[in-house]
Amino acid sequence: MVHGSGVRPGSAGVGSASAASGAGGGSTEAERGTGSGPGPVGKLALDPRLVRRARELARRAGQPVVELARGHTTVSVERAVLRLAGVGGADPDGIPWVNRLVDAVVAEVGLAHGVTLPVFDALVRELGPPVRGGRGNGVPATEVGEALTLLAQKSAAGSVRFGVPSGRAATSARAAARRAVGAGLRRIDRRRAERDRLVRRHGDPVQRPWIYLIVATGDIYEDIPQAQAAARAGADVIAVIRSTGQSLLDYVPEGATREGFAGTYATQENFRLMRAALDASSKELGRYVRLTNYASGLCMPEMAVLAGLERLDMMLNDSMYGILFRDINPVRTFVDQRFSRQVHARAGIIINTGEDNYLTTADAVDEAHTVTVSQLLNEFFAHEAGLADRQLGLGHAFEIDPAVPESFRLELAHALLARELFPDAPLKWMPPTRYMTGDVFRGNLLDGFFNLVGTMTRQDILLVGMMTEAVVTPWLSDRDIALQNVRYVLGAAGGLHEDFVPAPGGFIQQRAGRVLGEAVELLERIVDDGLLTAIADGTFGITKRPADRGRGLDGVAAHADDYYNPATELLESVEEGS
């Protein structure tokens, strides 16, 4: 490993800025590489042809994975569909009824057909067809969720049999399932409209970046006052860190919880409680306070549905994190990710991706281009699922070893590259963690540098760094000092991005051009070899994850010819019509 290789002033990198204009800003079209002009653009004078080449390669690398996802389903996708139809609650052992129901169907007819038709066929046989307004013999349309939960209880007792219907029975089951799932999507639509109304009523934070702060006591009733205190102290976004290991649970715990480990369990009830508390804070403070949690791990699609139903605003949502750091099977999680992002698109939720995590295991200088590659792939996957640019909280981080010469200028180059490649995305800027040593004074200084880079490069979401990182779970006093750091830097230098223009052809422009060039070279190799092969070879985060291994693979199935999923049908009909 050679720190700083290829970053010496005057060294020629791919896409170097010999013809830099030096002009601040640059048109959005040009920065995105969609303009027709051949000249360098933006503060970094990036070659627009190289930017277009990078996006085209990302599309070609990602498309086979999209096709793979379109042809497969998972147990979590099927559970998410039934949650939209209204299945809720858990058995006395805490296992959700939706798990019991899907497991019963899979045991009898397999996963390849989807569970919706077998479940609604059984519902009609056992309890009668859903009927509007309670007219006639059957289940009132407004009570289908309760009826499905009752069906799950009956199946757990062994009194219900499942089969794949055909003919008129299939037609009837399909119509009933589509109505029930459609009602669930309309509930998400209403929560999205409610968010829009509250943002108009209370307003958004005056400044950018939004200040993003974590709470994580393990007890939702302790998290709530900490979150409200953080909002009063200036936090614009509250993230409730999830209990350690929840990403590997193949079910979503139920109810309000008070016993998490280094975090609080993500449950629908905990979502509801925290959202209600932050709504009260929004009213008190006169600005809308956003709430973040996780749609990742083995229950990614279900978490997305629950977040939509409870009006969460941002969700950490990136299959690569689960693959690399939780050993979740790549096929399983790419299928889950596509469905979850379709739901996030419908719910108006901003996703946060996890590229920052690569730099906690790989060198932040030598492997900087892997972050750019992953951001470009995430942009493609997100757009394909229906997310708009304004919903792409693409991640990156301040993780260069401070002992590396010119580490601050390197951070500036990397952060500005992300800003100019994705000008309309609310980028999420992550603080230093890897080289926080426990020296709180050094840590506070590094966090100040991080905050300064964030404002100089116009990042949108700034996670508050803690000087006690790697020492303790932050105390309230730690958060207060960390917020003082943020407020000081944003107050003193919040408009510095207007004056900050890298020297034409200088260190920062050359470094950014080199990283982009290396990203293009890597994307070319991924297109040739395939993304799943690249992941298996340890391209990202120097961690090797083959596609035929990992957790959750037994919950994946290729679609049978008669596979049916009303949620996907409804979500994709909106995307095509939009």
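Scroll up for the structure.
Our subject in this report is the structure included herewith. Given the structure is predicted, the values throughout are model-derived calculations rather than measurements.

Thresholds applied
Residues numbered from 1 in each chain as written. Predicted model: local features only at pLDDT ≥ 70, side-chain atom pairs only at ≥ 80, totals over all residues. Heavy atoms only, no water. Phe/Tyr/Trp six-rings, centres within 6.5 Å; stacked < 30°, edge-to-face > 60°. Helix = DSSP H or I, 4+ residues; strand = E, 2+ residues; numbered from the N terminus. Buried < 20%, exposed > 50% of the residue type's maximum accessible area, 1.4 Å probe, protein only. Salt bridge = Lys/Arg side-chain N within 4 Å of Asp/Glu carboxyl O. 1 Å grid on protein atoms, 1.4 Å probe; cavity = no way out; pocket = protein on both sides within 12 Å on 5 of 7 lines; lining within 4 Å. Points joined across faces, edges and corners; volume = space filled by probe spheres on them. Nonpolar A, V, L, I, M, F, W, Y, C, P; charged D, E, K, R; others polar. Axes fitted to C-alpha atoms, helices over the stretch in contact; angles between N-to-C directions. Parallel < 35°, antiparallel > 145°, perpendicular 65-115°, else oblique. Contact = heavy atoms within 4.5 Å. Core = buried A, V, L, I, M, F, W, Y, C linked by side-chain atoms within 4.5 Å. Patch = residues over 30% accessible without salt bridge, like charges linked within 9 Å, V, L, I, M, F, W, Y side chains within 5 Å. Areas by Shrake-Rupley, 256 points an atom, 1.4 Å probe, with all protein chains shown as cover. Lys, Arg positive; Asp, Glu negative; His and termini not counted. Charge placed at Lys NZ, Arg CZ, Asp CG, Glu CD. Pairing = 2+ DSSP bridges. Right-handed = clockwise from strand over helix to strand, strands pointing away. Left-handed = near helix turned anticlockwise from the far one by under 90°.

**Focus: the packing of aromatic side chains**
So, point 1. Evaluated as defined, the whole model comprises seven aromatic pairs.
So, point 2. For the pair Phe-408 and Phe-449, a centre-to-centre distance of 5.3 Å together with 65° between the ring planes defines the contact as edge-to-face. Of this pair, Phe-408 sits in helix 14 (residues 407-421) while Phe-449 sits in helix 15 (residues 440-456), and the two are 41 residues apart along the sequence.
So, point 3. When its relative accessible area of 23% is taken as the criterion, Phe-408 is described as partly exposed.
So, point 4. Since its relative accessible area comes to 38%, Phe-449 is described here as partly exposed.
So, point 5. Chaining the aromatic ring pairs together yields one cluster made of Phe-334, Phe-380 and Phe-381.

**Observations concerning the pattern of salt bridges**
Any two side chains of opposite charge can pair if their charged atoms end up close together.
So, point 1. In total, this model carries 34 salt bridges according to the counting rule given.
So, point 2. Salt-bridge contacts for Arg-195 lead to Asp-313; the nearest nitrogen and oxygen are separated by 2.8 Å. On the criterion of sequence distance, the pair formed by Arg-195 in helix 7 (residues 167-202) and Asp-313 in the loop between helix 10 (300-309) and strand 7 (314-316) is long-range, its members being 118 residues apart.
So, point 3. Looking at Arg-195, the relative accessible area reads 7%, which means it is buried.
So, point 4. In this structure, Arg-275 and Asp-313 form a salt bridge, with 2.7 Å as the shortest nitrogen-oxygen distance. Taken together, the positions of Arg-275 in helix 9 (residues 268-285) and Asp-313 in the loop between helix 10 and strand 7 put the pair 38 residues apart, joining distant regions of the chain.
So, point 5. In the salt-bridge network here, residues are joined through shared partners; they are Arg-191, Glu-194, Arg-195, Arg-275, Asp-279, Arg-311 and Asp-313.

**Looking at empty space enclosed by the protein**
So, point 1. Applying the stated criterion across every chain yields a total of six cavities of 30 Å³ or more.
So, point 2. Roughly 130 Å³ of volume is contained in the largest cavity.
So, point 3. In terms of lining residues, the largest cavity is bounded by 15 residues, among which Ala-368, Val-371, Thr-372, His-396 and His-414 are the most central.
So, point 4. For the lining of the largest cavity, the secondary structure elements donating two or more residues are helix 13 (368-385), strand 10 (395-397) and helix 14.
So, point 5. The residue inventory of the lining of the largest cavity, partitioned by class, reads nine nonpolar, four polar and two charged.

**Notes on unusual backbone geometry**
So, point 1. Note the cis peptide between Arg-208 and Pro-209, where omega equals 0°.
So, point 2. Positionally, Pro-209 belongs in the loop between helix 7 and strand 4 (210-215).
So, point 3. For Glu-406, which is not glycine, the phi dihedral falls at a positive 60°.
So, point 4. Along the chain, Glu-406 turns up in the loop between strand 10 and helix 14.
So, point 5. For Glu-406, a relative accessible area of 40% translates into the label partly exposed.
So, point 6. A positive phi angle, near 55°, is found at Arg-458, a position not held by glycine.
So, point 7. Position of Arg-458 among the secondary structure elements: in the loop between helix 15 and strand 12 (461-463).

**Remarks on the packing of helix 5 (residues 116-127) against helix 6 (residues 144-156)**
So, point 1. Running from N to C, helix 5 and helix 6 point in directions that differ by 90°, and their axes come no closer than 10 Å. Between helix 5 and helix 6, the angle is such that the two are roughly perpendicular. Across the interface between the two elements, Val-119, Phe-120, Ala-122, Leu-123, Glu-126 and Leu-127 of helix 5 pack against Val-144, Ala-147, Leu-148, Leu-150, Leu-151 and Lys-154 of helix 6.
So, point 2. Looking at the contact of helix 5 with helix 6 residue by residue, the class counts come to 10 nonpolar, no polar and two charged.

**Side note on the layout of surface pockets**
So, point 1. In this model, the largest pocket occupies a volume close to 1,200 Å³.
So, point 2. Considering the residues around the largest pocket, the lining is formed by 42 residues, among which Ile-214, Ile-241, Tyr-294, Asn-357 and Met-430 are closest to the centre.
So, point 3. Those elements that provide at least two residues to the lining of the largest pocket are strand 4, helix 11 (319-326) and strand 11 (428-430).
So, point 4. Broken down by element, the lining of the largest pocket gets its largest block of residues, three residues, from helix 11.
So, point 5. A class-by-class count of the residues in the lining of the largest pocket yields 19 nonpolar, 15 polar and eight charged.
So, point 6. There is about 390 Å³ of room inside the second largest pocket.
So, point 7. Around the second largest pocket, the lining comprises 18 residues; the ones closest to its centre are Ala-141, Thr-142, Val-144, Ala-180 and Ala-183.
So, point 8. The element that contributes the greatest number of residues to the lining of the second largest pocket is helix 7, accounting for seven residues.
So, point 9. Here the lining of the second largest pocket is composed, by residue class, of eight nonpolar, five polar and five charged.

**Examining the nonpolar core**
So, point 1. Counting residues in hydrophobic clusters, the biggest one holds 156 residues, and the most contacted among them are Val-119, Phe-120, Phe-162, Met-274, Leu-531 and Phe-540.
So, point 2. Among the elements that make up this core, the one with the highest residue count is helix 17 (residues 507-529) (10 residues).
So, point 3. The contacts of Met-274, once residues within four sequence positions are left out, are Val-215, Ile-220, Asp-223, Ile-224, Ala-227, Val-240 and Leu-291.
So, point 4. Within the second largest apolar cluster, 10 residues are counted, among which are Tyr-212, Met-430, Ile-461 and Leu-463.

**Thoughts on a positive patch on the surface**
So, point 1. Taken together, the side chains of Arg-132, Arg-179, Arg-186, Arg-187 and Arg-190 define a basic patch exposed on the protein surface.
So, point 2. Summarising the element assignment, Arg-132 is placed in the loop between strand 2 (130-131) and strand 3 (139-140).

**Concerning the pairing of strand 5 (residues 237-240)**
So, point 1. Side-chain alternation along strand 5 places Val-237 and Ala-239 on one buried face and Ile-238 and Val-240 on a second face that is also buried.
So, point 2. One ladder, built from four bridges, connects strand 4 with strand 5; its direction is parallel. The residue bridging Tyr-212 from the neighbouring strand is Val-237, located in strand 5.
So, point 3. Following the chain from strand 4 across helix 8 (residues 220-232) to the adjacent parallel strand 5, one finds a crossover that is right-handed.

**Regarding the packing of helix 4 (residues 97-109) against helix 6**
So, point 1. Running from N to C, helix 4 and helix 6 point in directions that differ by 60°, and their axes come no closer than 9 Å. Taken together, the axis directions place helix 4 and helix 6 in an arrangement best described as oblique. As helix 4 packs across helix 6, the resulting crossing turns out to be left-handed. Along the contact surface, helix 4 presents Trp-97, Leu-101 and Ala-104, while helix 6 presents Leu-148, Thr-149, Leu-151, Ala-152, Gln-153, Ser-155 and Ala-156.
So, point 2. Along the lines of polarity and charge, the residues of the contact of helix 4 with helix 6 split into seven nonpolar, three polar and no charged.

**Quick look at a nonpolar patch on the surface**
So, point 1. The grouping of Val-471, Val-472 and Trp-475 at the surface amounts to a nonpolar patch, some 310 Å² of accessible area in total.
So, point 2. Relative to the helices and strands, Val-472 resides in the loop between strand 12 and helix 16 (476-493).
So, point 3. A relative accessible area of 37% means that Val-472 is categorised as partly exposed.

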